[in-house]
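# An overview of the molecular structure
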Amino acid sequence: MPAPRLAIIGAGISGLTLATLLGGHADVVVIDKSRGVGGRMASRRVGEASFDHGAQFFTARSKAFQRFLQPWIDAGTVKAWEPRVLTLEAGSKPYRRDWFEPHYVGVPAMTALPKALAAGLNLSLQAEVTKVEREAEAWWLTFADSSRAGPFDWVVATAPAPQILNWFPSVFNGLEALQHVRYAPCFALMLGFAELPELRFDAARVKSSPLDWIVRGGSKEGTVPQQTLLLHSTRAWAAEELEAESSIVVDNLCKALDNAIGIPLPLPEFSLLHRWRYASSAQTTSSAFELDVTNSLAACGDWSVFSDADNGGTRVESSFLSASALAERLLTLPGFRA
Ligand SMILES: Cc1cc2nc3c(=O)[nH]c(=O)nc-3n(C[C@H](O)[C@H](O)[C@H](O)COP(=O)(O)OP(=O)(O)OC[C@H]3O[C@@H](n4cnc5c(N)ncnc54)[C@H](O)[C@@H]3O)c2cc1C
């Protein structure tokens, strides 16, 4: 019997984990609307500078994720990051923060792990799915440019839940659970300077500010020194200002930066703002994944029960756990090669 043909929509850590674990058991294609892989494990080059403007690091608390990562740690694709971390608050003395577990980063950028996972996979990029339809006992995908792909026996969605709702078939019995998922947004601001003054931190958590997090360029493993800063806003501030003009958001975040550091910084040579509308799930499902065996449809991602949303806990590891739980379940179904 031929292996089931399976389309995975999304080449973030969820989709890539699922495709990796199903390798050899199904005929898998991973489809993503972006030019590259990684999703929110995102990196961006601006001239000589490089920014991780999505996930900053990831932890591995489960044995399963630790085991999955080990070959990539051994290969140097993933390394523990040990920055000098401060907590900053305007008007208060900065204090040091200690990390009590490894905080991993991709080397030389956050996309390193997704790129390594994708290397052996069948990928289709710059392909934005707009519809998933049943035709003659199989699934067909329609893309934004009106082209189509299929037939598929199974379709699995791994995007943030509110995005899945836009194009997944209404027969999917997991849609109701996904309707309850909520996400919080985040602004990422990438700043490049002619020369930065000496800073006493590599990374800083900021309190009582529109800013949540600051990282000095070149402080991560495998990166070269650069005169840049990456800022993340708080989720709450981003929710209030989400539709504000970019120039206003940039001004306000730069003011918050000066306040947090306690000195005015020189004007940046460039600034680039990214709006993450679905940064982290603020309300999640109570299941590990959504599976509809009757219709051969499924979904997994960082909106599942593995996310500790109350503690800002949507994490790379949550996506990994959701995808690996789904892979394990799919492999028990008839048709998937043992
Ligand atoms: C600003 C920010 C900071 C973060 N910080 C951390 C952190 O420090 N530590 C941590 O562990 N986690 C962090 N996270 C969360 C972490 O990045 C995510 O939980 C994780 O990467 C999600 O992976 P995923 O594969 O489930 O989803 P995604 O990475 O979102 O992947 C989904 C993919 O689906 C694709 N897609 C969506 N719609 C379509 C469509 N219609 N057609 C085709 N493709 C589509 C997207 O392009 C995307 O590549 C952060 C996230 C953000 C945004």
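About the criteria used
- All residue numbers refer to position in the chain's written sequence, counted from 1.
- Residues qualify for local features only when their pLDDT is at least 70, as the model is predicted, and side-chain atom pairs are given and counted only at 80 or more; totals for whole chains, interfaces and linings, by contrast, use all residues.
- Only hydrogens and water are set aside; all other atoms, that is, all heavy atoms of the structure, feed into the side-chain values.
- Helical segments are the DSSP runs of H or I of at least four residues, strand segments are the runs of E of at least two, and each set is numbered from the N terminus.
- Burial classes follow relative accessibility: with a 1.4 Å probe on protein chains only, a residue under 20% of its type's maximum area counts as buried, one over 50% as exposed, and anything between as partly exposed.
- Every residue pair with non-hydrogen atoms within 4.5 Å of one another is taken to be in contact.
- Method for areas: the Shrake-Rupley scheme with a 1.4 Å probe, in which residue coverage is limited to the protein chains shown.
- All tallies of charge rest on Lys and Arg as positive and Asp and Glu as negative; His and the ends of each chain are not included.
- Charge positions come from single atoms, namely NZ of Lys, CZ of Arg, CG of Asp or CD of Glu.
- Nearness here has a simple test: a residue counts as near a molecule or strand if at least one of its heavy atoms is within 4 Å of that partner.
- Side-chain atoms alone can form a polar contact between residues adjacent in sequence; in general such a contact is a pair of N or O atoms within 3.5 Å, and within protein one must be able to donate a hydrogen while the other accepts it.
- Domain start and stop points were drawn from an automatic or database domain assignment.
- For this analysis, a ring pair means two rings from Phe, Tyr or Trp (six-membered ring only for Trp) whose centres lie within 6.5 Å, classed as stacked if their planes differ by under 30 degrees, edge-to-face if by over 60, and tilted for the remaining angles.
- Two parts lose some accessible area (1.4 Å probe) when they are put together, and adding that loss for both gives the buried area.
- Strand pairing is assigned whenever DSSP detects at least two bridges linking the two strands.
- To define axes, lines are fitted to C-alpha atoms, for helices over the stretch in contact only, and angles between the resulting N-to-C directions are given on a 0 to 180 degree scale.
- Under the convention used throughout, the expected extent of a helix is 1.5 Å for every residue step, that is, one less than its residue count.
- Within this analysis, the arc is defined by the directions that extend from the helix axis to the C-beta atoms.

Along the backbone of the chain there are eight helices and 20 strands. Dimensions of the chain, computed from the C-alpha atoms along their principal axes, are close to 65 × 45 × 35 Å. Per-residue burial over the chain gives 52% buried out of 338 residues. When contacts within the chain are restricted to residue pairs at least 6 apart in sequence, long-range pairs at least 24 apart make up 68% of them. Taken as a whole, the chain presents about 15,800 Å² of accessible surface, with 49% of it coming from carbon and sulfur. Mean positive and mean negative side-chain charge positions of the chain (31 and 35 charges, respectively) differ by 3 Å.

This part covers the site of the ligand. The environment of the ligand is made up of 38 residues, and the closest members are Ser14, Asp32, Arg40, Phe57 and Ser319. Side-chain polar atom of serine 14 to an oxygen atom of the ligand: 2.6 Å apart, as the coordinates give it. The separation between a nitrogen atom of the ligand and a polar main-chain atom of phenylalanine 57 is 2.6 Å. In isolation the ligand offers 1,000 Å² of accessible surface; the protein chains occlude 95% of this area. Secondary structure elements with two or more residues in the shell around the ligand: α1 (13–22), α4 (161–167), β18 (270–283) and α8 (316–330). For the shell around the ligand, the domains that each give at least three residues are domain 1 (1–35 + 125–179 + 284–338) and domain 2 (45–109 + 182–281).

Our next topic: the packing of aromatic side chains. Summed over the entire model, instances satisfying the criterion amount to 15 aromatic pairs. Seen from their ring centres, phenylalanine 65 and phenylalanine 320 are 4.7 Å apart, and the 35° between their planes marks the pair as tilted. Pair noted here: phenylalanine 65 is in helix α2 (residues 63–74) and phenylalanine 320 is in helix α8, with a separation of 255 residues, a long-range link. Since its relative accessible area comes to 2%, phenylalanine 320 is described here as buried. Note on tyrosine 183 and tyrosine 278: the rings are 5.7 Å apart at their centroids and 90° apart in plane angle, and the pair reads as edge-to-face. Remark: tyrosine 278 occurs in strand β18 and tyrosine 183 occurs in strand β14 (residues 182–192); sequence separation between them is 95 residues. Accessibility expressed as a relative area gives 28% for tyrosine 278, which makes it partly exposed. Members of the aromatic cluster, joined through ring pairs, are Phe58, Phe65, Phe68, Tyr104 and Phe320.

A few words now on α1. With eight of its 10 residues buried, α1 lies for the most part within the structure. Where α1 is concerned, the buried positions are Ile13, Ser14, Gly15, Leu16, Thr17, Leu18, Ala19 and Leu22. Turning to α1, the residues buried within the fold contact β1 (5–9), β2 (27–31), α2, α3 (112–118), β13 (154–157) and α8. Directly beyond the C-terminal end of α1, a positive phi value near 85° is found at glycine 24.

Turning next to the domain arrangement of the chain. Interface size is commonly expressed as the accessible surface area that is lost when the partners come together. Assigned domains of the chain: these are domain 1 (1–35 + 125–179 + 284–338) and domain 2 (45–109 + 182–281). A straight line from the C-alpha centre of domain 1 to that of domain 2 covers 30 Å. The partner domain 2 presents 15 residues to the 19 residues of domain 1 that form the contact. Both sides of the domain 1 and domain 2 interface together cover about 1,300 Å² of buried area, and 63% of this is carbon and sulfur.

This part takes up the sheet that holds strand β9 (residues 123–124). Ordered in space as β9-β2-β1-β13-β20-β19, the six strands form an open sheet in which the pairing is mixed. Two strands lie at the open edges of the sheet, namely β9 and β19 (290–292), each paired on one side alone. Here five bridges tie β1 to β2, and the two strands are oriented parallel to one another. Paired with leucine 6 across the bridge in β2 is valine 28. Where α1 meets the sheet, its contacts fall on β1, β2 and β13, and the angle it forms with β2 comes to roughly 165°. Against the sheet, α8 contacts β1, β13, β19 and β20 (297–299), and its axis sits at roughly 25° relative to β19.

Relative to the helices and strands, threonine 158 is located in the loop between β13 and α4. On the basis of relative accessible area, threonine 158 is assigned to the buried category, the value being 10%. Within polar-contact distance, the side chain of threonine 158 engages the backbone oxygen of isoleucine 9 at 2.8 Å. The contacts of threonine 158, once residues within four sequence positions are left out, are Ile8, Ile9, Gly10, Ser14, Gly15, Ile164 and Cys300.

A few words on α2. The end-to-end C-alpha distance of α2 is 16 Å, a good match for the 16 Å that 12 residues give at a rise of 1.5 Å each. Turning to α2, its buried residues are Phe65, Phe68 and Leu69. Taken end-on, α2 shows its buried residues confined to a sector of 90°, consistent with a single buried face. Seen from the buried face of α2, the exposed residues on the opposite side, beyond 90 degrees, are Lys63, Arg67 and Asp74. Positive phi shows up at glycine 76, right after α2, with a value of about 85°.

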